[in-house]
Every structure is written in structure tokens, then in C-alpha cells.
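# Observations on the three-dimensional arrangement
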Amino acid sequence: MIDTLVTPSSGRITMRHPTAKDGAGVAALISSSPPLDINSTYCVLLQCTHFAQTCILAERDGQLMGWISGYAPPTHPESLFIWQVAVAKQARGTGLAGRMLDALVARPALSGLNTLRTTITADNAASWRLFESFAQRHGGEVSRLPLFEQDAHFAGQHATEFEFVIRLKADADQA
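Residues numbered from 1 in each chain as written. Predicted model: local features only at pLDDT ≥ 70, side-chain atom pairs only at ≥ 80, totals over all residues. Heavy atoms only, no water.

## What about the overall build of the protein?
- Counting its secondary structure elements, the protein contains five helices and eight strands.
- Reading the helices (α) and strands (β) of the protein from amino to carboxyl end gives β-β-α-α-β-β-β-α-β-α-β-α-β.
- Relative to its length of 175 residues, the protein is compact, with a C-alpha radius of gyration of 16 Å against a globular reference of 16 Å.
- On the principal axes, the C-alpha backbone points of the protein span a range of 45 × 40 × 30 Å.
- Scored against the burial criterion, the 175 residues of the protein give a buried share of 47%.
- Counting only carbon and sulfur atoms, one obtains 55% of the accessible surface of the protein, whose full area is about 9100 Å². (Helix = DSSP H or I, 4+ residues; strand = E, 2+ residues; numbered from the N terminus. Rg over C-alpha atoms; globule rule 2.2 N^0.38 Å. Buried < 20%, exposed > 50% of the residue type's maximum accessible area, 1.4 Å probe, protein only. Areas by Shrake-Rupley, 256 points an atom, 1.4 Å probe, with all protein chains shown as cover.)

## A look at the confidence of the model for the protein
- Residues at a pLDDT of 70 or more form 91% of the protein, whose mean pLDDT is 90.
- Within the model, pLDDT remains below 50 along residues 4-8, and this stretch shows eleven contacts once partners closer than five positions in the same chain are excluded.
- Counting contacts from residues 171-175, a segment whose pLDDT is below 50, to residues more than four positions away or on other chains yields eight contacts. (pLDDT = per-residue confidence, 0-100. Contact = heavy atoms within 4.5 Å.)

## Digging into the packing of aromatic side chains
- This structure, assessed with the given rule, holds three aromatic pairs.
- Residues F51 and Y71 carry aromatic rings whose centres are separated by 6.2 Å and whose planes lie at 55 degrees to one another, so their mutual orientation is tilted. A residue pair is termed long-range when its members are at least 10 positions apart, and F51 in the loop between helix 2 (41-49) and strand 3 (56-60) and Y71 in strand 4 (residues 63-71) qualify at 20 residues.
- Judged by relative accessible area, which is 28%, Y71 ranks as partly exposed.
- A centroid spacing of 5.4 Å and a plane angle of 45 degrees characterise the contact between Y71 and F81, whose relative ring orientation is tilted. Of the two residues, Y71 sits in strand 4 while F81 sits in strand 5 (residues 79-87), which places them ten residues apart along the sequence.
- The buried category is assigned to F81, whose relative accessible area is 12%.
- Through pairs of rings, three or more aromatic residues link up here, namely F51, Y71 and F81. (Phe/Tyr/Trp six-rings, centres within 6.5 Å; stacked < 30°, edge-to-face > 60°.)

## Considerations on the side chain of R107
- Here R107 shows up in the loop between helix 3 (96-105) and strand 6 (115-121).
- Here the side chain of R107 touches A52 through a polar contact of 3.3 Å, landing on its backbone oxygen.
- Here the side chain of R107 touches Q53 through a polar contact of 3.0 Å, landing on its backbone oxygen. (Polar contact = N/O pair within 3.5 Å; in protein donor to acceptor, adjacent residues only side chain to side chain.)

## Quick notes on the environment of P108
- In this structure, P108 sits in the loop between helix 3 and strand 6.
- The spatial distance from the C-alpha of P108 to the C-alpha of Q53 is 9.6 Å, given a sequence separation of 55 residues.

## Structural notes on the side chain of T118
- Residue placement: T118 occurs in strand 6.
- Polar contacts involving the side chain of T118 include one to the main-chain carbonyl oxygen of I82, which spans 2.8 Å.
- The residues touching T118, leaving out its near neighbours within four places in the chain, are F81, I82, F131, F162, E163 and F164.

## Some points on the packing of helix 1 (residues 23-31) against helix 2
- Interhelical geometry of helix 1 versus helix 2 gives an angle of 120 degrees and a closest axis separation of 9 Å. Here helix 1 is positioned oblique relative to helix 2, judged by the angle of their axes. Classified by chirality, the crossing of helix 2 by helix 1 is right-handed. Of helix 2, the residues touching helix 1 (which contributes G23, A24, V26, A27 and I30) are T41, V44, L45 and C48. (Axes fitted to C-alpha atoms, helices over the stretch in contact; angles between N-to-C directions. Parallel < 35°, antiparallel > 145°, perpendicular 65-115°, else oblique. Left-handed = near helix turned anticlockwise from the far one by under 90°.)

Quick look at the structure:
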């Protein structure tokens, strides 16, 4: 599936499912997008193949501009868990992440989706804005609670990850 949109600030952007050929480029984008945790290229290749239906990438003139990885957790198959959102430095501030997220949840393969989940550290203002804005656009009810705590789960080596849950309204416009 390929979606194309044109915006004055970012030019022609194409959004599509990832493939194995995208793995190295996605891994490089994630590496250049702190504070994201760096995954092995093998992990990214699995996301680009096994989870292609729940991941999306954005390109401009063949150059990778953005990536969202997600999956349906086995314990919550009606949910989409967003693992990572990465936007290339030159495309930040253009609203690309929000447009990618909207395009991803609009896919026919996700038609039964009623909840969006992610985790965010307290200091990641960009992610809080992205998901709060998504919830507003889609009429979602939100909750946020600590999921993985700094001391209890990360041995003090990583900030607490708060689970941000957006319960989507069945009649919400998925535009």
C-alpha cells in the first residue's frame, strides 16, 4: 500500500509498508534519532517483514524521512502498540509523525483497532505532543500509568516508561 501526500513544508512524501530492503536505512534513522533505543538491524528487519502491516515508513525522493514501528500485542489483539517513531532531522517539525500515525491506523488491516498503546518517558515532550494530538484528532480517551519503572525494571539505568493508552471511539473519524 502506498499513500502519497504533498505538503508545502516537506514536499512530496510517500508512505508505504516497509520491506527487508529498508532494514539498514531504518536502523540508521533510529540510530540518528535520540533518545530512541537503538535496535539491532536484525530486529529492524523482523519489524520490516513480520510486522510490515503494522509499521509504516515515509520517503521523499527515495530518501527515508520517517518510520513508525508497531505491533498487535498478543494480550491485546484489538490494540496497536507503537514501539518507535523516528523522523529524519530535516523533516522534524513538519507534522510528518502525526500524518504517518494517521495513515497507519487508517489501513484496512487495522480496521478492528480500538486502542492505541505506547510507552513514553516523562522527558520526551515530542512524543507526548504526538500522541496527545492524535487522541484529540481521533476523539480518543487517554490514560497514562507507569509501566516499566526506572528502579524496579531498569535497575536504575533507564527512565520510567509510562504506558499511554488511547481508547478510540467506534464512531471517531479516522481521517
